[in-house]
Amino acid sequence: MSSDCIANYCVGDIIRAHNQEVPELLPCGYLVGDNNIITVNLKGVEENSLDSFVFDTLIPKPVSQRYFNLLMEHHRIILSGPSGTGKTYLANKLAEYLITKSGRKKMEDAMITFTVDHKSSKDVQQYLVNLAEQCNADNSSSDLPVVIILDNLHHVGSLSDIFNGFLNCKYNKCPYIIGTMNQGVSSSPNLEMHQNFRWVLCANHTEPVKGLLSRYLRRKLIETELEKNIRNNDLIKIIDWIPKIWHHLNGFLETHSSSDITIGPRLFLPCPIDIDGSRVWFTDLWNYSLVPYIMEAVREGLQMYGKRAPWEDPSKWIIETCPWSSLQHDWSSLLQLRPEDVGYEGYASAKEGTTSKHIPQMESEGDPLVK
C-alpha cells in the first residue's frame, strides 16, 4: 500500500488531507504535550476505494479488486478450497463491504447467513424459491437482504437442485450470493453457465491464502512491539519461521498424498508473540493436531497413490531449522513420525545425514503488502 491509500492523518486538532493546505509544521512538530499520537485514516467506501478493506483483511489490492468486480458484475460467487483457508471469513468481509457500499444502516437486516448441513439443504432451497418470488414481485420492498451467505455448500447433494428455483429471479433485484465450499463439485460448470455463478479458488498455493500467514504474523508482531515498546530479533525469527514450516508441511503432504489435503493457515494464526509461549504453543500444535492429521493423510495417500517418495520425517526438518534453541537441544518433547506408523514398513527411508536443510523462501518480493 502507498500514500495514495491514505484519506488523511490527524495530530490533535490538525487534519491533513490531499486536498487541504499543508500545515505550517511537519507532523512531528505537533507532537507536544498530550498530543503524542498520529492517526492515519485510509480511504474506504466513502472514497469509493478498497484500501481500508485491503488493510483489514490483508488481501492484496489486485485480488480484492477482482473479487469485487466479479460480485458487482455477476452478483454470485462461490469460494472453494480446503478447510482452514479463510473462506467463511472472506465471505463475511466481502458481505460487510457490499452492505456498507449499498448504504444500508442495519448490518443484521442486510445480511442473511445459512450454515448448510445435510438436514438444512431443503430449507435453503425453499428460502431461495421464496426469495425469487419476492424479487419478481412488482411491489417487492427494500426489505430484501443485500447479501446472502451460504456456508458449507459441500454438504449439499446437488447444487443445481438447490438453485433451480433461482433461475427466473430478476437479476437487477436479486441480492448478492456468496457461497463457500471445501471442494469443487461436478455441477460447477452447470452453475456457471445457467446460474451465472463465478468460482473463486481459495488454495494454499495461491494468493490471497499463500501469503496471508506471513502478513498476519508480521502485523501481529508490529502491534506487540508498539504496545510494549520493544523490538526483539528472536521474535522476528519465529514469525519468519512459522510460515516456512507451514509451506514445508504442505509440500510433504503433497508429496505423499495430494494438494487436496494440505493444511490451511488458520491453525498457525494463533501463534503467541512470545518466545517461550510460542515454543510451548507450537509443541502442542505439533503433537496433538499436526502429527495425527499428517499420519492419517499419509495413510490415505498410500492407499490411493502408493509409495511415491522416500520417507523423510518432517520433525527432523523442524529440529534443524526451528528458531528455539531450547527445542533444538531437547527435541524429545516433539513426536517423531516413523515410517512404520504410516504404513511404510520395509520401505527405504532417507539415509542418515541426507535430511533436507533447505528452508523454503517466501515470495515477499512480489507481495504488495510487505514492501
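The numbering scheme is per chain: residues are counted from 1 as the chain's sequence reads. Note on the predicted model: pLDDT of at least 70 is required for a residue's local features to be given, and 80 or more for side-chain atom pairs to be given and counted; whole-chain, interface and lining totals, by contrast, use all residues. Derived side-chain values reflect all non-hydrogen atoms in the structure, with water molecules and hydrogen atoms excluded from consideration.

Under an unreviewed UniProt entry, the name given to the protein is AAA+ ATPase domain-containing protein, and the organism recorded is Laticauda laticaudata. Per UniProt, the comment on the protein under Sequence similarities (unreviewed entry) is "Belongs to the Nav/unc-53 family." UniProt positions are given in the numbering used here, feature names are shortened, and annotations may be inferred rather than shown by experiment.

On to the sheet that holds strand β2 (residues 14-17), then. Taken in spatial order, the three strands line up as β2-β1-β3 in an open sheet, and their pairing is antiparallel. Both outer strands of the open sheet, β2 and β3 (39-42), are each paired with one neighbouring strand and no more. Between one strand axis and the next, the sheet turns through 20° on average, direction left out of account. The pairing of strand β1 (residues 6-11) with β3 spans four bridges and is antiparallel. Following the sheet pairing, Y9 is matched in β3 by V40. Note on pairing: DSSP must find at least two bridges between two strands before they are called paired. Elements are defined by DSSP. Helices are runs of H or I of four residues or more, strands are runs of E of two residues or more, and each kind is numbered from the N terminus. Note on geometry: axes are C-alpha line fits, over the in-contact stretch for helices, and angles between N-to-C directions span 0 to 180 degrees.

Bringing the nonpolar core into the picture now. Counting residues in each nonpolar core, the largest one holds 70 residues, and the members touching the most others are I242, F268 and W286. Should any heavy atoms of two residues lie within 4.5 Å, those residues are considered in contact. Residues in contact with F268, not counting those within four places in the same chain, are L213, L217, I242, I245, W246, L249, I263, W281, L285 and L290. For this analysis, a nonpolar core means a set of buried residues of the types Ala, Val, Leu, Ile, Met, Phe, Trp, Tyr and Cys, connected via side-chain atoms within 4.5 Å. Remark: exposure states derive from per-residue accessible area (1.4 Å probe, protein chains only) relative to the maximum for the residue type, with buried under 20%, exposed over 50%, and partly exposed in between.

Okay, helix α9 (residues 233-256) next. Side chains of residues three or four places apart in an α-helix project in the same direction, reflecting 3.6 residues per turn. With 24 residues, α9 should cover 34 Å at 1.5 Å per step; its first-to-last C-alpha distance of 35 Å lies within 8% of that length. Nitrogen and oxygen atoms within 3.5 Å of one another constitute a polar contact, given that in protein one can donate a hydrogen and the other can accept it, and given that sequence-neighbouring residues count only through two side-chain atoms. You can read the cap of α9 off the contacts: a side-chain oxygen lies 2.8 Å from the backbone nitrogen of D234, and it is on N232. Expected helix span is taken as 1.5 Å per residue step, with the number of steps being one fewer than the number of residues.

Attention now moves to a nonpolar patch on the surface. On the surface, L31, I38 and V40 cluster together to form a nonpolar patch covering roughly 230 Å² of accessible area. With respect to the helices and strands, L31 occurs in the loop between β2 and β3. Patch criteria: residues need more than 30% relative accessible area and no salt bridge. Like-charged residues are merged within 9 Å; nonpolar side chains of Val, Leu, Ile, Met, Phe, Trp and Tyr are merged within 5 Å. Note on areas: these come from Shrake-Rupley sampling with a 1.4 Å probe, and a residue is covered only by the protein chains present in the view. Counted as salt bridges are all cases of a side-chain nitrogen of Lys or Arg within 4 Å of a carboxyl oxygen of Asp or Glu.

The next subject is the environment of V129. Residue placement: V129 occurs in helix α5 (residues 121-136). Measuring from C-alpha to C-alpha, the distance between V129 and I162 comes to 9.2 Å, with 33 residues separating the pair along the chain.

Right, let's get into the packing of α9 against helix α11 (residues 314-321). Two elements in contact, α9 and α11, have axes separated by 11 Å at closest approach and are oriented at 160°. Here α9 lies roughly antiparallel to α11, going by the angle between them. Here α9 and α11 pass one another in a crossing that is right-handed. Along the contact surface, α9 presents W241, K244, I245, H248, L249 and F252, while α11 presents P314, W317, I318 and T321. Any angle that is under 35 degrees is reported as roughly parallel, and any over 145 degrees as roughly antiparallel; angles of 65 to 115 degrees are reported as roughly perpendicular and all others as oblique. Note on convention: the crossing is left-handed when the near helix lies turned anticlockwise from the far helix by less than a right angle, right-handed when the turn is clockwise.

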